[in-house]
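A look at the structure
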Amino acid sequence: MEMTGKYITLKRGDKIHYGCTRSGRCCSSGPNVALTAYDICRIARYLGVDWRELRGKYVIAIIADMIAVPALRGMGDGKCAFLEFKNGLPTCSIYPVRPLRCRLYPFLPVSPSKRDIVYVDRYCPGVGKGPLVEPPWSELEQYYKEVSNHYRRMYDLVFNEGYEPLEALEKLIDEVCNNM
């Protein structure tokens, strides 16, 4: 285990004390959560709506150098649009299908090419508390697979097939939702 800046770096085999304290910090200090088409399709299915109904209300797209990056919409105060409070405790209204980035927190993926290390947000109130745990390596693998497929296909749609960024994103989400 290595600590640099605001992150702790863990390698396969390393463990850390962690237990969620339900502080809500992860859902109210951004949200800077990029989504994949897979995340969007899971959320839409869970809510029983066509994914297009999520646009604007829950999901926004940011054009970053010809690639449309879907992200969770914030409520202007840094809180996620899906964050609710029940009995004074923060609750995710889509908890069973929350985006993979949210499921992984406070464990932060480094890169699909560096699958044997993970960062940990040391400012998460649950870090250093609770049982000794390993990072969620299987969920990290699923995330790397989905994010790699998402951006590989986005690249093809924009740079090889001639779609505009938002059109490419819509086509990709349609493809993923139809194949899930």
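Reference entry: report on the structure contained in this document. (Residues numbered from 1 in each chain as written. Predicted model: local features only at pLDDT ≥ 70, side-chain atom pairs only at ≥ 80, totals over all residues. Heavy atoms only, no water.)

Section: the overall build of the protein chain
Keep this limit in mind: Only runs of H or I of at least four residues qualify as helices and only runs of E of at least two qualify as strands under DSSP, and these elements are numbered from the N terminus. We compute the radius of gyration over the C-alpha atoms and compare it with the globule rule, which gives 2.2 Å times the number of residues raised to the power 0.38. Only protein chains enter the accessibility calculation, which uses a 1.4 Å probe; a residue whose area is less than 20% of its type maximum is buried, one above 50% is exposed, and one in between is partly exposed. Throughout, a contact is declared for two residues whenever any of their heavy atoms are within 4.5 Å. Each accessible area is a Shrake-Rupley estimate made with a 1.4 Å probe; only the visible protein chains count as cover when residues are assessed.
From N to C terminus, the protein chain includes five helices and 10 strands. Since a compact globule built from 180 residues should have a radius of gyration of about 16 Å, the 17 Å found for the protein chain is in line with a globular shape. Once the C-alpha set of the protein chain is aligned to its principal axes, its extents read approximately 50 × 40 × 30 Å. Across the 180 residues of the protein chain, 41% fall into the buried class. When contacts within the protein chain are restricted to residue pairs at least 6 apart in sequence, long-range pairs at least 24 apart make up 67% of them. Within the structure as shown, the protein chain displays about 9,800 Å² of accessible surface, and the carbon and sulfur contribution to it stands at 51%.

Examining the state of the cysteines
Cut-off, in case you're wondering: Cysteine sulfur pairs qualify as disulfides if the two atoms are within 2.5 Å.
One pass over the full model with this rule turns up one disulfide. Two residues share a disulfide in this structure: C41 and C177, whose sulfurs sit 2.0 Å from each other. Its torsion about the S-S bond being -100°, the disulfide of C41 and C177 is classed as left-handed. Taken together, the residues C41 in helix α2 (residues 37–47) and C177 in helix α5 (residues 165–179) connect sequence positions 136 residues apart.

Considering the pattern of salt bridges
Close approach of charged atoms allows side chains of opposite charge to pair. To be explicit about the condition: In what follows, salt bridge is the name for a side-chain nitrogen of Lys or Arg lying within 4 Å of a carboxyl oxygen of Asp or Glu.
For the structure shown, the criterion picks out 13 salt bridges. Between E161 and R153 there is a salt bridge, and its shortest N-O distance comes to 2.7 Å. Overall, E161 belongs to the partly exposed group, its relative accessible area being 40%. When salt bridges with common partners are traced through the structure, they connect R12, R115, D116 and E141 into a single cluster.

Overview of helix α4 (residues 137–160)
Defined as follows: Here a helix's expected span is defined as the number of its residues, less one, multiplied by 1.5 Å.
In this model α4 runs 33 Å from its N-terminal to its C-terminal C-alpha over 24 residues, within 8% of the 34 Å that 1.5 Å per residue would give. For α4, the set of buried residues is W137, L140, Y143, Y144, E146, V147, S148, H150, M154, L157 and V158. G162, located one to two residues past α4, shows a positive phi value of around 80°.

What about the side chain of D14?
Note the following rule: Charge assignment: positive for Lys and Arg, negative for Asp and Glu; neither His nor the chain ends contribute. The term polar contact refers here to a pair of N or O atoms within 3.5 Å; inside protein, the definition further demands a hydrogen-donor-capable atom paired with an acceptor-capable atom, and it admits residues adjacent in sequence only when both atoms are side-chain atoms.
Relative to the helices and strands, D14 resides in the loop between β2 (7–11) and β3 (16–18). Within the buried core, D14 has no salt-bridge partner, and the shortest N-O distance to an opposite charge, that of K11, equals 4.7 Å. In terms of polar contacts, D14 uses its side chain to reach the backbone amide nitrogen of K11, at 2.8 Å.

Considerations on the pairing of strand β4 (residues 59–64)
The side chains of a regular strand alternate between both faces of the sheet. Quick note on the threshold: Should DSSP find at least two bridges between two strands, the strands are taken to pair.
Alignment of β4 against strand β5 (residues 67–72), held across six bridges, turns out to be antiparallel. Counted as the bridge partner of V59 is L72 from β5. Counted along the chain from β4 to the antiparallel partner β5, the turn is two residues long, and its residue D65 has a positive phi close to 55°.

So, the packing of aromatic side chains
Put simply, the rule reads: Put simply, two rings from Phe, Tyr or Trp (the six-membered ring, in Trp's case) pair if the centres are within 6.5 Å, and we call them stacked under 30 degrees between planes, edge-to-face over 60, tilted for the rest. In this scheme, Lys NZ or Arg CZ marks a charge over a ring once it lies within 6 Å of the ring centre and within 35 degrees of the ring normal.
Per the stated rule, a full pass over the model turns up five aromatic pairs. For the ring pair Y18 and F107, a centre distance of 6.0 Å and an interplane angle of 75° mean the geometry is edge-to-face. With Y18 in strand β3 and F107 in strand β8 (residues 107–109), the pair connects residues that are 89 residues apart, well separated along the chain. Overall, Y18 belongs to the buried group, its relative accessible area being 16%. Overall, the relative accessible area of 5% leaves F107 in the buried class. Taking NZ or CZ as reference, R98 lies 3.8 Å from the ring centre of Y95, over its face.

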